[in-house]
Amino acid sequence: MVKAKKTLGQNFLIDQNIINKISDNINPEEDDLLIEIGPGMGALTKYLQQKNCQMICYEIDTDLKPYLNNLENNRTKIIYQDILKSNIKEDIKDIKYHHLYIVGNLPYYITTPIIKYLINLDLDIQEMVFMVQEEVADRFTALPGTSNYSSITLYLKYYYNVIKLFKVSKKCFNPMPKVESAIIKFTKRATKLDVNKEVYFKLINDSFKMKRKTLKNNLSNYDFDKILDVLNKYQLDENVRAEQLDEEVFQEISKII
Ligand code: SAM
């Protein structure tokens with residue numbers, strides 16, 4: 001086994017049960033394309049290959065080549081590159097596939113940048129299944145009225161239904177990370193929100209700017225009387241905090257500002 005590089009978030013999965021469970025939760029067909037981010041030593045890759053779909057894996061660390069070389073074949077390509085600097089659109093342009101799936105036991109130091117990067121590529125991604133830090137999973141999947149509910153929750157929800165599938169103990173990795181982990185699944189939303197995306201994203205960012213402040217304080221640059229009309233419609237008063245509002249209320253507010 002190579003010496004794991006902490007700076008690259010290398011915590012390799014060693015628990016076969018977890019590997020099977022992740023693999024069971026992503027189900028591309030043979031004519032689909034599956035992208036894996038950070039295959040490492042191929043712990044997950046080997047099982048994903050049994051799905052017989054085409055695969056592209058992005059791994060930044062060329063020291064892992066000895067482990068990954070023998071997984072390469074005419075259906076699986078390994079690209080040694082920083083995922084954030086990759087050109088996925090270009091890399092997949094000659095591949096004929098039906099649906100696109102993405103999977104990865106993500107390097108935790110860049111979890112959110114990777115997910116935002118993938119979303120901004122504007123590829124039509126069917127499902128994504130990721131291992132993330134549990135705390136991050138809780139923020140991504142939080143419900144209104146809970147302290148983890150934040151602008152990132154609503155940002156992701158705009159594109160995907162995000163659910164936490166199961167927890168993963170730190171004992172399932174080598175080396176053992178400091179934090180607990182969880183598997184989350186993103187499924188493309190069937191219907192998009194009826195909003196102006198830029199207005200909506202600015203509204204949710206502004207609304208959650210200062211967590212302890214009321215919505216009114218965070219939105220001091222907005223015409224709050226108009227917003228209050230919407231709040232009243234939902235039996236909410238002017239002292240409400242952003243974390244108490246669900247997507248529907250933000251959607252309505254974004255339409256009148
Ligand atoms: N999939 C393997 C497993 O489950 O055992 C490894 C997971 S490990 C948590 C994260 C992997 O992502 C490492 O192999 C690491 O080298 C790779 N990685 C880190 N930063 C990366 C980046 N910017 N682009 C692509 N891969 C990266």
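I will try to describe carefully the structure that is included in this document. (Residues numbered from 1 in each chain as written. Predicted model: local features only at pLDDT ≥ 70, side-chain atom pairs only at ≥ 80, totals over all residues. Heavy atoms only, no water.)

1. Details of the packing of helix H7 (residues 151-159) against helix H8 (residues 197-207)
Phase 1 of the analysis: Contact geometry for H7 and H8: axes closest at 9 Å, N-to-C directions at 155 degrees. In this view, H7 runs roughly antiparallel relative to H8, as classed from their interaxial angle. Like other packed secondary-structure pairs, H7 and H8 cross with a definite hand, here right-handed. Note on element contacts: H8 touches H7 through Lys197, Tyr200, Phe201, Ile204 and Asn205, opposite Ser151, Leu154, Tyr155, Tyr158 and Tyr159.
Phase 2 of the analysis: Class assignment for the residues of the contact of H7 with H8 results in 7 nonpolar, 2 polar and 1 charged. (Axes fitted to C-alpha atoms, helices over the stretch in contact; angles between N-to-C directions. Helix = DSSP H or I, 4+ residues; strand = E, 2+ residues; numbered from the N terminus. Parallel < 35°, antiparallel > 145°, perpendicular 65-115°, else oblique. Left-handed = near helix turned anticlockwise from the far one by under 90°. Contact = heavy atoms within 4.5 Å. Nonpolar A, V, L, I, M, F, W, Y, C, P; charged D, E, K, R; others polar.)

2. So, the packing of aromatic side chains
Phase 1 of the analysis: In the structure shown here, the tally under the stated rule is 11 aromatic pairs.
Phase 2 of the analysis: Ring geometry for Tyr149 and Phe208: centres 5.9 Å apart, planes at 75 degrees, overall edge-to-face. Residue Tyr149 is found in the loop between helix H6 (134-140) and H7, and its partner Phe208 is found in the loop between H8 and helix H9 (215-218); the two are separated by 59 residues along the sequence.
Phase 3 of the analysis: When the ring of Tyr155 is compared with that of Tyr159, the centres are 5.6 Å apart and the planes differ by 70 degrees; the resulting orientation is edge-to-face. Of this pair, Tyr155 and Tyr159 both sit in helix H7, separated by 4 residues, roughly a single helical turn.
Phase 4 of the analysis: The exposure class of Tyr159 is buried, given its relative accessible area of 11%.
Phase 5 of the analysis: The structure contains a cluster of three or more aromatic residues connected by ring pairs, namely Tyr155, Tyr158, Tyr159, Tyr200 and Phe201. (Phe/Tyr/Trp six-rings, centres within 6.5 Å; stacked < 30°, edge-to-face > 60°. Buried < 20%, exposed > 50% of the residue type's maximum accessible area, 1.4 Å probe, protein only.)

3. Looking at the site of the ligand
Phase 1 of the analysis: In the vicinity of the ligand, 24 residues are found, and the nearest of them are Leu13, Gly38, Glu59, Asp82 and Asn105.
Phase 2 of the analysis: Between the ligand and Leu13 there is a distance of 2.8 Å, counted from an oxygen atom to a backbone nitrogen or oxygen.
Phase 3 of the analysis: One of the backbone N or O atoms of Pro39 is found 3.4 Å from a nitrogen atom in the ligand.
Phase 4 of the analysis: Look at the ligand: alone it shows 590 Å² of surface, and the protein chains cover 99% of it.
Phase 5 of the analysis: In this structure the site holding the ligand corresponds to the largest pocket.
Phase 6 of the analysis: If you list the elements that add at least two residues to the shell around the ligand, you get strand S1 (12-13) and strand S3 (54-59).
Phase 7 of the analysis: Along the lines of polarity and charge, the residues of the shell around the ligand split into 13 nonpolar, 7 polar and 4 charged. (Near = heavy atom within 4 Å. Polar contact = N/O pair within 3.5 Å; in protein donor to acceptor, adjacent residues only side chain to side chain. Areas by Shrake-Rupley, 256 points an atom, 1.4 Å probe, with all protein chains shown as cover. 1 Å grid on protein atoms, 1.4 Å probe; cavity = no way out; pocket = protein on both sides within 12 Å on 5 of 7 lines; lining within 4 Å. Sits in = over half its atoms within 2 Å of the grid points.)

4. Let's talk about the pairing of strand S6 (residues 125-133)
Phase 1 of the analysis: With respect to burial, S6 is a largely interior element, 8 of its 9 residues being buried.
Phase 2 of the analysis: Judged from the 6 bridges that link them, strand S5 (residues 100-105) and S6 form a sheet pairing that is parallel. The residue of S6 that forms the bridge with Tyr101 is Glu127.
Phase 3 of the analysis: For the crossover that starts at S5, traverses helix H5 (residues 111-120) and ends in the parallel S6, the hand is right-handed.
Phase 4 of the analysis: With 7 bridges joining them, S6 and strand S9 (residues 181-188) adopt antiparallel strand pairing. The residue of S9 that forms the bridge with Gln133 is Ser181. (Pairing = 2+ DSSP bridges. Right-handed = clockwise from strand over helix to strand, strands pointing away.)

Without other data, these values stay purely geometric and don't point to any function.
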